[in-house]
Amino acid sequence: MEATSIQITDAAAEAAVATMKSENRPLESTYLRVGVRAGGCSGYSYDLKFTDERRDNDTVIEHGGVRLLVDPKSETFLKGTELDWSGGLNGKGFVFNNPNASGTCGCGESFSV
Amino acid sequence: MESAIPTRTVHGYSVPAAVSDPAFDYEVLAQEPAFLIAPWERRVDVIGPDAASFLHQLLTQDIRTMSVGDSRPAAQADRTGHLQAELRVFRADEETIHVRVGSPYVSEFVATLEKHIIMEDVELRMPFDEPAAVLFFGDFRAEEALRELGGTSMPVHEVGPDDRVCFLNSTSLPALRKAMEEISAREIGWDAFNRRRIECGRAWPGLDVGPERLVPEAGYEDHISYNKGCYLGQETLARLHYRGRPNWQLVRLQMDGEDLPSNDTDLLDASGERVGWITSSASTPTASTPTASTPTPTAVVALGYLHRRFRETPTNLTTPSGRTVTWIPDSQ
């Protein structure tokens, strides 16, 4: 894995595996696709979904039983990003710690570069 | 010796001030199908399965709920809610959306769209190499002729609800003029249109509105959906809508006298405090006949910004030279 690529924390990997199991998705053929879309108050928003489709130009990152897929264009926005999991009282879910984001909106759902 | 036809420069294009004379042009615009050659108009097509959702995420208007054939005003804002582009969006089919955009905005608009295409399955096209555009006012009868010339049209609201903007290649313009003649649509010049759009409160980019203005300040409330969810600039615009009011608001004005004020003339309240400024104005054609929808024939009509403080407790409004100015509220 390249140092500049996306990293997934143990907590995020555990949460992803648990969700795959709860949705009866086979771990050996399921990927977690992460990407960036237009949207949100700041212009860009994160996109996270399970898929069994891997494209030729996807980057694959494996950690803790999870295989993350990133398309090349999204990767330019996500290099160095840590995908974490928050189970705290202030909100439960995946968290993107993205060093490329110059700003985020109030709800944290979108970012600008 | 024939006198030269006066021209006006609009967004860098030289256009005739009048085709006959401004007063007659204005009468034509008020009463008959009329058209104006509008070389500043551009059309950008957003094509692909994600076209609607992509624009929905970036523009102020609700695009996702538009049916095929729907046309809605929209704006592109920056993160802080300031206007980047004033637009008209037309859903041509499930995967094709035409966006009408003025030439001052088009480069920035396209650049912003391009940098946000990441996972979305969309592409942008400018369908006409050298576009010719015509603004059509009144009962539109030229659709068939336009189609034969390889052109298209879409509904807009410039000075009336039935207006359309037609796009075609510039080489087809002579043929379009002929087709317009056959359906008894008369060509008008800039001055008549300019006067009418000021009377209607239609902001003009570069004169009345620019990137220093928040979208609602320019009278573009109908360009914004407040229940569509997040989009670029939404945080500011929603806060402004639900928790406050814009300090400045573009309003219609009427002035005594016949001289046109300069476009940055201050507006003063009864105490002499600056409460606004003029952004554009037009004189009344002297041969015009007053009607219920047009103000006094000798008046100057103008657009300008007024501060909330004045709008809430209006007093007398004057210019520094002492000319009386009347604010025409939207309800009139």
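Note that the structure is predicted; figures quoted are calculated from it, not measured.

A. Quick peek at the domain arrangement of chain B. Residues and elements named next belong to chain B. On domain assignment, one finds that chain B holds domain 1 (1-244) and domain 2 (247-328). Distance from the C-alpha centre of domain 1 to the C-alpha centre of domain 2: 26 Å. Listed per partner, the contact involves 22 residues of domain 1 and 24 residues of domain 2. Among the residues of domain 1 in contact with domain 2, R195, I198 and E217 are the three that bury the most area, contributing 36% of the side total.

B. Fine view of the environment of B:G304. All names here are of chain B. Locating G304 in the fold gives a position in strand β16 (residues 300-307). Of the residues examined, G304 reaches a relative accessible area of 0% and is grouped as buried. C-alpha of G304 to C-alpha of W248: the two residues are 56 residues apart in sequence and 9.5 Å apart in space. Excluding residues within four positions of it along the chain, G304 makes contact with Q249, L250, V251, L253, W277, I278 and T279.

C. Representation of helix α2 (residues 51-58) of chain B within the structure. The element α2(B) is extensively covered by neighbouring structure, given that six of its eight residues are classed as buried. Within α2(B), burial applies to B:A51, B:A52, B:F54, B:L55, B:H56 and B:L58. Residues of α2(B) that are buried sit in contact with β2 (31-38) of chain A together with β4 (41-47), β6 (83-93), β7 (96-102) and α3 (103-116) of chain B.

D. Up close: the interface of chain A and chain B. With 22 residues of chain A at the interface, the matching set in chain B holds 18 residues. Buried area between chain A and chain B, summed over both chains or domains, comes out near 1500 Å², and the portion from carbon and sulfur atoms is 56%. Here chain A and chain B share zero salt bridges between them. Seen at the junction of chain A and chain B, the total is seven residue pairs in polar contact (both at pLDDT 80 or more). At the level of elements, β2, β3 (44-51), α2 (72-78) and β8 (103-104) of chain A are the ones that each hand at least two residues to the side of chain A that touches chain B. Top element by residues in the side of chain A that touches chain B is β2(A). It accounts for five residues. In terms of residue class, the side of chain A that touches chain B is built from seven nonpolar, ten polar and five charged.

E. Main features of the confidence of the model for chain B. Taken as a whole, chain B shows an average pLDDT of 90; of its residues, 94% reach a score of 70 or greater. The complex model carries a pTM of 0.87, and its ipTM stands at 0.77.

F. Spatial organisation of the sheet that holds strand β10 (residues 152-155) of chain B. Residue and element names in this part refer to chain B. Read across the open sheet, the five strands follow the order β10-β11-β9-β3-β12; overall the sheet is mixed. Looking along the sheet, the strands with just one partner apiece sit at the ends: β10 and β12 (186-187). The pairing of β10 with strand β11 (residues 164-169) spans four bridges and is classified as antiparallel. Note on β11: the bridge partner recorded for S153 is C166.

G. The arrangement of the sheet that holds β2(A) in detail. Residue and element names in this part refer to chain A. The strand order β4-β5-β2-β3-β9-β8 describes an open sheet built from six strands, whose pairing is mixed. With one partner strand each, in any of the chains shown, β4 (59-63) and β8 form the two edges of the open sheet. Of the pairings in the sheet, the one linking β4 to strand β5 (residues 66-70) comprises five bridges and is antiparallel in character. Note that in β5 the partner of V60 across the bridge is L69. Packed on one face of the sheet, helix α1 (residues 10-22) meets β2, β3, β4 and β5 and runs near 100 degrees to β5.

H. The arrangement of the pairing of β6(B) in detail. Residues and elements named next belong to chain B. The buried fraction of β6 amounts to nine of the eleven residues, a majority that puts the element mostly inside the structure. Bridge analysis of strand β5 (residues 71-77) against β6 gives seven bridges, and the strand direction is antiparallel. Along β6, the bridge assignment pairs R72 with V89. Here β5 folds back onto β6, and the loop between the two strands holds five residues, one of which, G81, carries a positive phi near 85 degrees. As defined by bridge partners, β6 adjoins β7 across six bridges and the pair is classed as antiparallel. Bridging across to β7, D93 finds its partner in T96.

I. How the structure looks around the layout of surface pockets. All names here are of chain B. If you add up the space inside the largest pocket, you get close to 660 Å³. If you trace the largest pocket, you find 29 residues lining it, with C200, G201, R202, G219 and D330 closest to the centre. When residues of the lining of the largest pocket are traced back to their parent elements, those giving at least two are β6, β13 (248-255) and β18 (324-328). Tallied by class, the residues present in the lining of the largest pocket amount to 13 nonpolar, six polar and ten charged.

J. Geometry of the packing of helix α1 (residues 22-31) of chain B against helix α6 (residues 190-199) of chain B. Residues and elements named next belong to chain B. Where α1 meets α6, the axes come as close as 8 Å, and the angle between the chain directions of the two elements is 55 degrees. When the axis of α1 is compared with that of α6, the two are oblique. The interaxial crossing formed by α1 with α6 has right-handed handedness. Between α1, through P22, D25, Y26 and L29, and α6, the contact on the second element is made entirely by D191, A192, F193, R195, R196 and E199. Of the residues that constitute the contact of α1 with α6, the class distribution is five nonpolar, no polar and five charged.

About the cut-offs
- Residues numbered from 1 in each chain as written.
- Chains lettered and ligands numbered in written order.
- Predicted model: local features only at pLDDT ≥ 70, side-chain atom pairs only at ≥ 80, totals over all residues.
- Heavy atoms only, no water.
- Domains from an automatic or database assignment.
- Contact = heavy atoms within 4.5 Å.
- Buried area = accessible area lost by both parts, 1.4 Å probe.
- Helix = DSSP H or I, 4+ residues; strand = E, 2+ residues; numbered from the N terminus.
- Buried < 20%, exposed > 50% of the residue type's maximum accessible area, 1.4 Å probe, protein only.
- Salt bridge = Lys/Arg side-chain N within 4 Å of Asp/Glu carboxyl O.
- Polar contact = N/O pair within 3.5 Å; in protein donor to acceptor, adjacent residues only side chain to side chain.
- Nonpolar A, V, L, I, M, F, W, Y, C, P; charged D, E, K, R; others polar.
- pLDDT = per-residue confidence, 0-100.
- Pairing = 2+ DSSP bridges.
- Axes fitted to C-alpha atoms, helices over the stretch in contact; angles between N-to-C directions.
- 1 Å grid on protein atoms, 1.4 Å probe; cavity = no way out; pocket = protein on both sides within 12 Å on 5 of 7 lines; lining within 4 Å.
- Points joined across faces, edges and corners; volume = space filled by probe spheres on them.
- Parallel < 35°, antiparallel > 145°, perpendicular 65-115°, else oblique.
- Left-handed = near helix turned anticlockwise from the far one by under 90°.

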